[in-house]
Amino acid sequence: MTAHEPPDGPGTEAYDAVVLAGGAARRLGGADKPGVRVGGRALLDRVLAACAGARSTVVVADPRPTARPVLWAREEPPGGGPVAALDAGLRRTTAPYVVVLSADLPFLAEETVRRLLDTLRGSARASEDSPAAPSAAGASTPAPDPAEGVLVTDPDGRDQPLVAAYRADALRRELARLGAGHGGTAGLPLRRLVGALRLTRITDPVASFDCDTWDDIAAARARIREHGHVLDEWISAVKDELGIDLDVDTRELLDLARDAAHNVARPAAPLTTFLVGYAAAKAGGGPEAVAEAARKATALALRWAGEAGTDASDAKPGSPDTRPGSADTGSGASDTTPDAG
């Protein structure tokens, strides 16, 4: 089970996540696709970061090291296809909503997961709040049934059922129906499952990008190194590597590094930001602790620069040097040798 246990806010319900990571990756020559690294992180770890808010996260695959703790499941038989894998993963979940993801989504973000869940929950609330509409004959028309799933569509408008949120009870209903009708769920196409659900859709061309080929992997790696993305990607990779789940004001830390480099010395920048992080950890961690430590260090760097400016203005040409140990102290002493005679 994931270590993160988010509190349920007003009007929300917890969700679980099921990540399918056991495919054969034939278009990658049988490579270990979930373990392929993009931006220094395994594809599977990138997907797990996007669903970090799940109450439980189940990965359907053989167990492997991951950046976040998860539950493991395996379809029967192994390699039995996505419907059998989803069936196996869903058996280990208990939340009313489940986010279903493939393990090859390098740009999936928590924001997209939230949009999927908000849309699905919003559909349920809208159905509950909608009064029955009167028909022309005077009879009441029932309010529309709520959606049972929300899918992301790709730039060509195609549904992506493995970038989606579903009502868990609806998935269980259709899995049971398919299993009873076919003697099991192995080998069934995913469209047979989701095609029986009431669906709605959101568009997210970035989140829907998946890595099926080595060309896709190369494109993902190139995008991450673009100027507009590289810093956020690097910070996310470092946080995952260090096991840190903390949102901080990156601009504030960059401003601190700039002030330390400009007002003290260039090597002061990385050393100062390290010390700020250490101080924040000793103070209990959290964005507030980081911000307070950064504020203090920034003020110190500005005071440091202010003193240097004062010293420069005091050292006017021709003025006596009154520093200890200087030759010209104003005491009347001379560096000439007294006349012996």
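Residues numbered from 1 in each chain as written. Predicted model: local features only at pLDDT ≥ 70, side-chain atom pairs only at ≥ 80, totals over all residues. Heavy atoms only, no water.

Caption draft 1: Examining a nonpolar patch on the surface more closely. A contiguous nonpolar surface patch, about 450 Å² in accessible area, is contributed by Val230, Leu231, Trp234, Ile235 and Leu254. The element contributing the most residues to the nonpolar patch is helix α7 (residues 227-242), with four residues. You can see Leu254 is positioned in helix α8 (residues 250-263). (Patch = residues over 30% accessible without salt bridge, like charges linked within 9 Å, V, L, I, M, F, W, Y side chains within 5 Å. Areas by Shrake-Rupley, 256 points an atom, 1.4 Å probe, with all protein chains shown as cover. Salt bridge = Lys/Arg side-chain N within 4 Å of Asp/Glu carboxyl O. Helix = DSSP H or I, 4+ residues; strand = E, 2+ residues; numbered from the N terminus.)

Caption draft 2: Just unusual backbone geometry, in detail. With an omega of -5°, the peptide bond between Glu76 and Pro77 qualifies as cis. Residue position: Pro77 is located in the loop between β5 (71-73) and α2 (82-90).

Caption draft 3: The packing of aromatic side chains, seen in detail. Taken as a whole, this structure holds two aromatic pairs when the rule is applied. Taken together, a centroid distance of 5.8 Å and an interplanar angle of 45° make the contact between Phe107 and Phe209 tilted. Remark: Phe209 occurs in the loop between β11 (199-203) and α6 (214-224) and Phe107 occurs in the loop between β6 (97-102) and α3 (110-129); sequence separation between them is 102 residues. By relative accessible area, which is 25% here, Phe209 ends up partly exposed. Residues Phe274 and Tyr278 carry aromatic rings whose centres are separated by 6.4 Å and whose planes lie at 25° to one another, so their mutual orientation is stacked. (Phe/Tyr/Trp six-rings, centres within 6.5 Å; stacked < 30°, edge-to-face > 60°. Buried < 20%, exposed > 50% of the residue type's maximum accessible area, 1.4 Å probe, protein only.)

Caption draft 4: Layout of the confidence of the model for the protein chain. Summary statistics for the protein chain give a mean pLDDT of 83 and a share of 81% for residues scoring 70 or more. Contacts for the low-pLDDT stretch residues 1-11, under 50 throughout, to residues beyond four places or in other chains number 21 contacts. Low pLDDT, under 50, characterises residues 322-341; the predicted model gives this stretch five contacts beyond four residues in sequence or across chains. (pLDDT = per-residue confidence, 0-100. Contact = heavy atoms within 4.5 Å.)

Caption draft 5: Local environment of the side chain of Thr272. Looking at the element boundaries, Thr272 is found in helix α9 (residues 268-282). When its relative accessible area of 19% is taken as the criterion, Thr272 is described as buried. Reaching out from Thr272, the side chain makes a polar contact with the backbone oxygen of Ala268 at a distance of 2.5 Å. With residues near it in sequence (within four places) discarded, Thr272 still touches Leu256, Ala260 and Ala297. (Polar contact = N/O pair within 3.5 Å; in protein donor to acceptor, adjacent residues only side chain to side chain.)

Caption draft 6: Seen up close, the environment of Ala222. Counting through the fold element by element, Ala222 comes out in helix α6. Residues Ala222 and Gly39, 183 residues apart in the sequence, show an inter-C-alpha distance of 9.1 Å.

Caption draft 7: Looking closely at the pattern of salt bridges. One pass over the full model with this rule turns up 22 salt bridges. For the salt bridge of Arg258 with Asp259, the shortest nitrogen-to-oxygen distance reads 3.2 Å. Arg258 gets classed as partly exposed once you look at its relative accessible area, which sits at 49%. Of the residues examined, Asp259 reaches a relative accessible area of 11% and is grouped as buried.

Caption draft 8: Structural view of the pairing of strand β1 (residues 15-20). Of all the six residues making up β1, six are buried; the element is thus mostly covered by neighbouring parts of the structure. Neither face of β1 is left uncovered, since the one carrying Tyr15, Ala17 and Val19 and the one carrying Asp16, Val18 and Leu20 both have all their residues buried. As paired strands, β1 and β6 are joined by six bridges and run parallel to one another. Counted as the bridge partner of Ala17 is Val99 from β6. Strand direction decides the pairing type here: β1 and strand β4 (residues 57-60), joined by four bridges, are parallel. (Pairing = 2+ DSSP bridges.)

Caption draft 9: View of the environment of His262. Its place among the elements puts His262 in helix α8. Judged by relative accessible area, which is 68%, His262 ranks as exposed. In the structure, His262 is positioned 40 residues away from Leu302 in sequence and 9.7 Å away in space, judged by C-alpha atoms.

Caption draft 10: Structural view of α8. Relative to the 20 Å expected for 14 residues at 1.5 Å per residue, α8 spans 20 Å between its end C-alpha atoms, a close match to the ideal helical length. Among the residues of α8, Leu256, Ala257, Asp259, Ala260 and Asn263 are the ones counted as buried. The buried residues of α8 occupy an angular sector of 165° when the element is viewed end-on, so they sit on one face. Exposed and facing more than 90 degrees away from the buried side of α8 are Arg251 and His262. (Expected span 1.5 Å × (residues − 1). Arc of directions from axis to C-beta.)

Caption draft 11: Molecular detail of the sheet that holds β6. The mixed open sheet is built from seven strands, whose spatial order is β5-β4-β1-β6-β10-β9-β11. Taken across any chain shown, the strands that pair with only one partner, and hence form the sheet edges, are β5 and β11. Averaged over all pairs of adjacent strands, the angle between their axes in this sheet comes to 25°, without regard to strand direction. Its contacts with the sheet place helix α4 (residues 168-182) against β6 and β10 (159-167), and it is angled at close to 110° to β10. (Axes fitted to C-alpha atoms, helices over the stretch in contact; angles between N-to-C directions.)

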